[in-house]
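Each chain, written out:
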Amino acid sequence: MVVIVLLLGCHNKQQQLQDQMQEVMALQQMSDLATAQYVVTKIIKANDNKTWYKLGDRKILMSCKATLTAGIDLSAITPDNVHIDDKAIDLQLPHAKLISLSIKPEDVQKEYESEELLRDPFTSEERNALAIQAEMQIRNSVDSLGILHTGEENATLFITNFLTRLGYKKVTIHFA
């Protein structure tokens, strides 16, 4: 009789652990969880007065507004990243990543342009090339902007609240 009670108790505990794991693994279905959004403005300045065979110079000043969204890829969570001990949970998440960088065409504005008498204005192809260069510079500065750090902090808050509502008393989240 004692053996049957012990087996039923172990089976119930194992079933409970599987149910808890299923609830936590539902986070995977959120896929990319966007947790931080920054709007940055990049100033683009160009001139080409160093060309020896062209008389006069021309200059342009443009502004470019970009929206950056960062977050966590929750689809990368595996059962190995989750450790449950009764009402305590330890969750390992992937580091935050840049989910999107969006620059609308109307957010690229010419602020100033000057060309001397014998020079043509900047062409739309040249302005587009400058905007592409600005996008690359913004992309390369993501680490220094702090958006990834903010994304991880906000993801920690969101997931901690989610897991607390599932009934966990102690939630530990770390990134790897």
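Keep in mind that this is a model prediction, so the values were computed, not measured.

Caption draft 1: Representation of the side chain of D73. Locating D73 in the fold gives a position in strand β2 (residues 58-73). Buried charged residue D73 carries no salt bridge. Nearest counter-charge: K97, at 4.2 Å. Side chain to side chain, D73 and S75 meet in a polar contact 2.5 Å long. D73 has contacts with S31, D32, P94 and K97, leaving out every residue within four places of it along the chain.

Caption draft 2: A look at the sheet that holds strand β7 (residues 170-175). Pairing is mixed across the open sheet formed by three strands, whose spatial order is β3-β4-β7. Both outer strands of the open sheet, β3 (82-85) and β7, are each paired with one neighbouring strand and no more. Averaged over all adjacent pairs, the angle separating strand axes in this sheet is 10 degrees, with direction ignored. Most of the contacts of helix α4 (residues 147-165) go to β7, to which it runs at about 150 degrees, and overall it touches β4 (88-93) and β7.

Caption draft 3: Layout of the confidence of the model for the protein. The share of residues in the protein with pLDDT of 70 or more is 88%, and the mean pLDDT across the chain is 85. Predicted confidence for residues 1-10 stays below pLDDT 50, and this span has zero contacts to residues more than four positions away or in other chains.

Caption draft 4: Quick look at helix α2 (residues 124-140). The terminal C-alpha atoms of α2, which comprises 17 residues, lie 24 Å apart, in line with the 24 Å expected from a rise of 1.5 Å per residue. Residues of α2 that are buried include every one of L130, A131, A134 and I138, and no others. On an axial view of α2, the arc spanned by its buried residues comes to 100 degrees, and they lie on one face. With respect to the buried face of α2, the exposed residues turned more than 90 degrees away are E125, I132 and N140. The secondary structure elements touched by the buried residues of α2 are β1 (32-47), β2, β5 (97-102), β6 (108-115) and α3 (142-145).

Caption draft 5: How the structure looks around the nonpolar core. Core analysis: the largest hydrophobic core is formed by 28 residues, its most contacted members being V24, L74, I77, V82, L91, L93 and I159. For this core, the secondary-structure elements that each account for two or more residues are α1 (2-25), β1, β2, β3, β4 and α4. The element best represented in this core is α4, accounting for five residues. The contact partners of V82, leaving out residues within four places of it in the chain, are M21, V24, M25, I77, I89, D90 and L91. Counting eight residues, the second largest nonpolar core, distinct from the first, contains I44, A46, I60 and M62.

Basis of the calculations
- Residues numbered from 1 in each chain as written.
- Predicted model: local features only at pLDDT ≥ 70, side-chain atom pairs only at ≥ 80, totals over all residues.
- Heavy atoms only, no water.
- Helix = DSSP H or I, 4+ residues; strand = E, 2+ residues; numbered from the N terminus.
- Buried < 20%, exposed > 50% of the residue type's maximum accessible area, 1.4 Å probe, protein only.
- Lys, Arg positive; Asp, Glu negative; His and termini not counted.
- Salt bridge = Lys/Arg side-chain N within 4 Å of Asp/Glu carboxyl O.
- Polar contact = N/O pair within 3.5 Å; in protein donor to acceptor, adjacent residues only side chain to side chain.
- Contact = heavy atoms within 4.5 Å.
- Pairing = 2+ DSSP bridges.
- Axes fitted to C-alpha atoms, helices over the stretch in contact; angles between N-to-C directions.
- pLDDT = per-residue confidence, 0-100.
- Expected span 1.5 Å × (residues − 1).
- Arc of directions from axis to C-beta.
- Core = buried A, V, L, I, M, F, W, Y, C linked by side-chain atoms within 4.5 Å.

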